[in-house]
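Here are the chains, one letter per residue:
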Amino acid sequence: MTWLKLVEGYMPMQMISELGLSILVFVLVNWALHRSGMGIPKFWAGVGVFVFIQLYLKYRIYPPIPFSVRAIYGTVSACGIFMWVSGSEKEWQEFKRPILNVMDGITNFHQSVRTAMLVVIPLALGGFAYSSFLPSFEEPIELRTVHPAPPATTKVHGKTFVLQVVENPYRVNADGDYDQGYTDARIVEQAMGRLMKDVNDPNYNPWDPNADGYIKYVREGGEIFFQNCHFCHGDNLNGRGLWAYAFNPIPANFTDAGTIAQLQETFVFWRVSKGGIGLPGEGFPWASVMPPWEQHLTVDEIWKVVMFEYWHTGYYPRTWD
Ligand code: HEC
């Protein structure tokens, strides 16, 4: 029922007044019918009101209310209807009569209704029980913010890091100063799964034992990665590690432009330190198995492994804009 709009903000009041109005109309109609001698029997009046309220709650209310809440409202309205039909002894007798008539089977018609009931009720209950035990193959709706807003500061190994200002101490140029431009120029290029920069140049080959500065730290980060992270995040950093398929959500694929490439380095530092368990509320209800690495790695090791992930994927960390 969408032609009659629910007014935002007034919905609960609108709902109560609509229901109240319908009951009032119902009472007036009932009263008028009684006066003209064609009153609806109490039993059917009660059933009608109950069904009307249920239909109203199911099809009129938006957003839809869950069955459990409708069941509560249904019970409350059933209580109200019982109070109404049992207001006096005479009315109560009148209400009960059709039920007793069926149970006693006073006429052939009532007997056949009784037989039909005896067949239909067990079948309906059985069907209900059966369908409620059937496994469901629908995926649950899970709205998870993959990259929730980071906190302003994070405390790792007793030290507080202000994420907006802290810098990766290993992202340094030949003079040992923080220099993102210098290091960005030295990330690896990949093609067909191979690292493409000149492997004879120690500035580019992190596996060279003589490499120093930035590229030496990248190598150390690589060692940390292959000791700790590749089981999940994969040898190629593409999220296809040995264990990856056991998890939901699956481990992040760093080669995908949607992960570290669009994150600040300090965001990644925070994520690696705190893991899935450290995600704020909007990161749930998915249960991320990403471990809180502060429990296993030092601050320096975390910085190095983060830098390795950028180097290997060929992405630059996003800068604060
Ligand atoms: C047990 C499996 C597992 C291991 C081991 C693991 N991770 Fe993860 N990691 C995940 C999963 C699953 C996710 C995706 C869910 C999430 O964001 O928490 C993830 C997400 C991340 C993210 C967030 C990426 C994004 O886009 O927000 C980073 C960064 C990360 N991992 C780094 C690491 C590093 C570095 C290591 C090793 C020190 C590591 N991970 C080890 C399972 C793992």
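What you see is a predicted model; the values in this text were computed from it and never measured.

1. Remarks on the environment of histidine 230
Part 1 of the argument: Along the chain, the position of histidine 230 falls in helix α8 (residues 230-233).
Part 2 of the argument: In the structure, histidine 230 is positioned 212 residues away from glutamate 18 in sequence and 61 Å away in space, judged by C-alpha atoms.
Part 3 of the argument: In contact with histidine 230, other than residues within four places in its own chain, are Phe225, Asp235, Gly241 and Leu242.

2. Let's talk about the coordination of the iron atom of the ligand
Part 1 of the argument: Around the iron atom of the ligand, the protein supplies His233 (NE2) and Met290 (SD) as donor atoms, at distances of 1.9 to 2.1 Å.
Part 2 of the argument: Taken together, the 6 donor atoms coordinating the iron atom of the ligand span angles of 87 to 179° at the metal, a pattern that classifies the geometry as octahedral. Here methionine 290 lies in the loop between α9 (265-274) and α10 (299-313) and histidine 233 lies in helix α8, a separation of 57 residues in the sequence.
Part 3 of the argument: The class for histidine 233 is buried, based on a relative accessible area of 9%.

3. Concerning the domain arrangement of the chain
Interfaces are frequently sized by the accessible area removed from exposure as the parts join.
Part 1 of the argument: Taken domain by domain, the chain holds domain 1 (11-104) and domain 2 (153-313).
Part 2 of the argument: For domain 1 and domain 2, the distance between their C-alpha centres works out to 65 Å.

4. Thoughts on helix α4 (residues 89-104)
Part 1 of the argument: Taking 1.5 Å of rise per residue, the 16 residues of α4 would be expected to cover 22 Å, and the 21 Å separating its terminal C-alpha atoms lies within 8% of that figure.
Part 2 of the argument: Of all bends in α4, the biggest is about 40°, found at arginine 97, and the proline proline 98 comes one to four residues later.
Part 3 of the argument: Directly beyond the C-terminal end of α4, a positive phi value near 60° is found at glycine 105.

5. Things to note about the site of the ligand
Part 1 of the argument: Around the ligand there are 25 residues in total, and Cys229, Cys232, His233, Ser288 and Met290 lie nearest to it.
Part 2 of the argument: In the environment of the ligand, an oxygen atom lies 2.6 Å from a nitrogen or oxygen atom belonging to the side chain of histidine 147.
Part 3 of the argument: At 2.5 Å, a side-chain N or O of serine 288 approaches an oxygen atom of the ligand.
Part 4 of the argument: Breaking the shell around the ligand down by element, the ones donating at least two residues are α8, α9 and α10.
Part 5 of the argument: Looking at which element gives the most residues to the shell around the ligand, the answer is α9, with 3 residues.

6. Thoughts on helix α1 (residues 11-35)
Part 1 of the argument: The end-to-end C-alpha distance of α1 is 36 Å, a good match for the 36 Å that 25 residues give at a rise of 1.5 Å each.
Part 2 of the argument: Among the residues of α1, those classed as buried are Gln14, Met15, Glu18, Leu19 and Asn30.
Part 3 of the argument: Among the structural elements, α2 (42-60) and α3 (67-85) are those in contact with the buried residues of α1.
Part 4 of the argument: Downstream of α1 by one or two residues, glycine 37 has phi in the positive range, about 80°.

7. Thoughts on the packing of α3 against α4
Part 1 of the argument: As a packed pair, α3 and α4 sit with axes 8 Å apart at the nearest point and diverge in direction by 120°. Between α3 and α4, the angle is such that the two are oblique. Where α3 abuts α4, its residues Phe82, Trp84 and Val85 lie against Glu91, Trp92 and Phe95.

8. Notes on the pairing of strand β2 (residues 159-162)
Part 1 of the argument: When strand β1 (residues 153-156) meets β2, the two strands line up antiparallel, connected through 4 bridges. The residue of β2 that forms the bridge with valine 156 is lysine 159.

9. Regarding unusual backbone geometry
For residues other than glycine, phi is negative in most cases, and the peptide bonds are mostly trans.
Part 1 of the argument: Geometrically, the link from asparagine 248 to proline 249 is a cis peptide bond, its omega value of 5° lying close to zero.
Part 2 of the argument: The phi dihedral of histidine 157 is positive, around 50°, even though this residue is not glycine.
Part 3 of the argument: Looking at the secondary structure, you find histidine 157 in the loop between β1 and β2.
Part 4 of the argument: Here histidine 157 falls in the partly exposed class, since its relative accessible area comes to 49%.
Part 5 of the argument: Although it is not a glycine, leucine 237 sits at a positive phi angle of roughly 65°.
Part 6 of the argument: Within the secondary structure, leucine 237 sits in the loop between α8 and α9.

10. Focus on the pattern of salt bridges
Part 1 of the argument: Under the counting rule described, the total for this entry stands at 7 salt bridges.
Part 2 of the argument: For the salt bridge of glutamate 220 with lysine 304, the shortest nitrogen-to-oxygen distance reads 2.6 Å. Of the two residues, glutamate 220 is situated in helix α7 (residues 214-228) and lysine 304 in helix α10; the sequence distance between them amounts to 84 residues. Of the two residues, glutamate 220 and lysine 304, neither departs from the other in class, the shared state being buried.
Part 3 of the argument: A single salt-bridge network, built from bridges that share partners, covers Lys216, Glu220 and Lys304.

11. A closer look at the packing of aromatic side chains
Part 1 of the argument: Counted under the stated rule, the structure contains 15 aromatic pairs.
Part 2 of the argument: On the basis of an interplanar angle of 10° and a centroid distance of 4.1 Å, the ring pair of phenylalanine 269 and tryptophan 303 is categorised as stacked. Here the residue phenylalanine 269 occupies a position in helix α9, and tryptophan 303 occupies one in helix α10, the gap between them amounting to 34 residues. Taken as a pair, phenylalanine 269 and tryptophan 303 share a single burial class, namely buried.
Part 3 of the argument: By the ring-pair criterion, three or more aromatic residues cluster together here, those being Phe43, Trp44, Phe82, Trp92 and Phe95.
Part 4 of the argument: Directly above the aromatic system of tyrosine 170 lies the positively charged group of lysine 304, at a separation of 4.7 Å from the ring centroid.

How each quantity is defined
One numbering rule holds for all chains: residues counted from 1, following each sequence as written. At least 70 in pLDDT is required for a residue's local features to be given in this predicted model, at least 80 for side-chain atom pairs to be given and counted, and no such filter applies to totals for whole chains, interfaces and linings, which use all residues. Water and hydrogen atoms were dropped before computing side-chain values, which therefore reflect all heavy atoms in the structure. For helices the rule is a DSSP run of H or I covering at least 4 residues; for strands it is a run of E covering at least 2, with both sets numbered from the N terminus onward. Only heavy atoms matter for contacts: two residues are in contact if any of them lie within 4.5 Å across the pair. Here the coordinating atoms are restricted to nitrogen, oxygen and sulfur within 2.8 Å of the metal centre, or 3.2 Å for Na, K and Ca, and because water is not among them the sites may look incomplete. For a four-donor site, all angles between 85 and 135 degrees give tetrahedral; for four or six donors, opposite pairs above 155 degrees with the remaining angles between 65 and 115 give square planar or octahedral; all remaining cases count as irregular. Only protein chains enter the accessibility calculation, which uses a 1.4 Å probe. A residue is then buried if its area is under 20% of the maximum for its type, exposed if over 50%, and partly exposed in between. These domain boundaries are the output of an automatic or database domain assignment. To estimate the expected span of a helix, count its residues, drop one, and scale the result by 1.5 Å. To get the bend at a residue, fit one axis to the 7 residues ending there and another to the 7 starting there, then take the angle between the axes. The nearness test applies per residue and asks whether one of its heavy atoms lies within 4 Å of the molecule or strand. What qualifies as a polar contact is a pair of N or O atoms within 3.5 Å, subject to a donor-acceptor requirement within protein and to the restriction that residues adjacent in sequence count only when both atoms come from side chains. Every axis corresponds to a line fitted to the C-alpha atoms, with the helix fit spanning only the stretch in contact, and the corresponding angles, defined between N-to-C directions, vary from 0 to 180 degrees. For classification purposes, angles smaller than 35 degrees are called roughly parallel, those larger than 145 roughly antiparallel, those between 65 and 115 roughly perpendicular, and all remaining angles oblique. Here the rule is simple: two strands pair whenever DSSP picks up at least two bridges between them. For this document, the term salt bridge refers to a Lys or Arg side-chain nitrogen within 4 Å of an Asp or Glu carboxyl oxygen. For Phe, Tyr and Trp, rings pair up if their centres lie within 6.5 Å, where Trp contributes its six-membered ring, and each pair is then called stacked (planes under 30 degrees apart), edge-to-face (over 60) or tilted (otherwise). Note on criteria: charge over ring means Lys NZ or Arg CZ within 6 Å of the ring centre, with the direction from the centre no more than 35 degrees off the ring normal.

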